[in-house]
Amino acid sequence: MRHNASSPIGIFDSGIGGLTVAHAIRQLLPNESIIYFGDTAHLPYGDKSEAAVQAYSIKIADVLLNKGCKVIVIACNSASSAAYELLKEYTGKRAKVINVIDPMVKFLSDNYPNRKIGLIGTKRTVTSNVYLKKIKQLKKDIELVSLATPLLVPMIEEGFFNNAISSEIIEKYLENKLLDEISALVLGCTHYPLVKEQISIFYNHKVDILDSSQITAAYLKLFLEEEGLLNDAKNEEDHFLVSDYTDSFEASTKIFFKEKVHLEKHLLWD
Ligand code: DGL
């Protein structure tokens, strides 16, 4: 299907964490229509093999392409690290693919040369070393140290944030010597903005806590402007699809999207 400026923006994640990115996009680009896909049947991606995440990502891209999306935003660090290059090749001229890692790497390069930066994320993201590889290419002398914090996603999904239990888990992770004397901490997972304030409190607000949602939305806006693909009036309702529906997923959308949205079930495989 051919796309134009009035075509929707496709956004996907392993589940509903990517709604933090969708929310930032809607705030910055209110005239755009959004089709969001949360692969709730297969989450978490952070513990899956690269091949599995690639297979899911291709299936989701098919859904979004069939709906005529002009751009696909991978609102998940785990999928961005495992499947971005493949998706770019797969979609070709049919749609532009944007991930959540490149906008952050560009932001670090512009704002933190010669500094030590920490990164927390899922096992998939951290073991891929993708941030480190991209930062090294910039030759800005940024030292990046990465720590996998796999308990944070299930913790947040279960509603444990802004409480004593989540503070304790966050503290145990961030006490790691590896993260000593960092200037900024990258939240390398789209679920983590929900614990951004708690993390900032751990550092007495002395370390910049960077989440990719606004940075990715700004990157997307610039791309749409450059390509003449900005929509001047919203012409379609937003849709939020999930590969597995539960009432609890729908209830949690309020936490990530700041308002409850209706989730529509859309199977990835028949
Ligand atoms: N939101 C995903 C990410 O950014 C993590 C959730 C998962 O492991 O599926 O990495």
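Residues numbered from 1 in each chain as written. Predicted model: local features only at pLDDT ≥ 70, side-chain atom pairs only at ≥ 80, totals over all residues. Heavy atoms only, no water.

All right, on to empty space enclosed by the protein then. This structure, assessed with the given rule, holds one cavity of 30 Å³ or more. Contributing to the lining of the largest cavity are Thr 20, Val 21, Asn 77, Leu 187, Cys 189, Thr 190, Pro 193, Asp 211, Ser 212 and Ser 213. The class makeup of the residues in the lining of the largest cavity is four nonpolar, five polar and one charged. (1 Å grid on protein atoms, 1.4 Å probe; cavity = no way out; pocket = protein on both sides within 12 Å on 5 of 7 lines; lining within 4 Å. Points joined across faces, edges and corners; volume = space filled by probe spheres on them. Nonpolar A, V, L, I, M, F, W, Y, C, P; charged D, E, K, R; others polar.)

With that settled, the discussion passes to the environment of Ile 135. Checked against the element boundaries, Ile 135 lands in helix H6 (residues 130–138). Taking the C-alpha atoms as reference, Ile 135 lies 8.3 Å from Leu 108; in sequence the two are 27 residues apart. (Helix = DSSP H or I, 4+ residues; strand = E, 2+ residues; numbered from the N terminus.)

Moving on, we get to the site of the ligand. Lining the immediate environment of the ligand, one finds 13 residues, of which Ser 14, Tyr 45, Gly 46, Ser 78 and Thr 190 sit closest. The side chain of Ser 14 places a nitrogen or oxygen atom 2.6 Å from an oxygen atom of the ligand. Take Tyr 45: an N or O atom from its main chain is 2.6 Å from an oxygen atom of the ligand. Summarising the interface, the protein chains cover 99% of the accessible area of the ligand, which totals 300 Å² for the free molecule. (Near = heavy atom within 4 Å. Polar contact = N/O pair within 3.5 Å; in protein donor to acceptor, adjacent residues only side chain to side chain. Areas by Shrake-Rupley, 256 points an atom, 1.4 Å probe, with all protein chains shown as cover.)

For the largest pocket, the calculated volume is near 400 Å³. What lines the largest pocket is a set of 19 residues, among which Thr 20, His 23, Pro 193, Leu 194 and Lys 258 lie closest to the centre. Those elements that place two or more of their residues in the lining of the largest pocket are helix H1 (19–28), helix H9 (196–202), helix H10 (212–226) and helix H11 (247–257). For the second largest pocket, the lining is made up of 13 residues, of which Pro 103, Lys 106, Ala 218, Tyr 219 and Leu 222 are closest to its centre. For the lining of the second largest pocket, the secondary-structure elements that each account for two or more residues are strand E4 (96–99), helix H4 (101–111) and H10.

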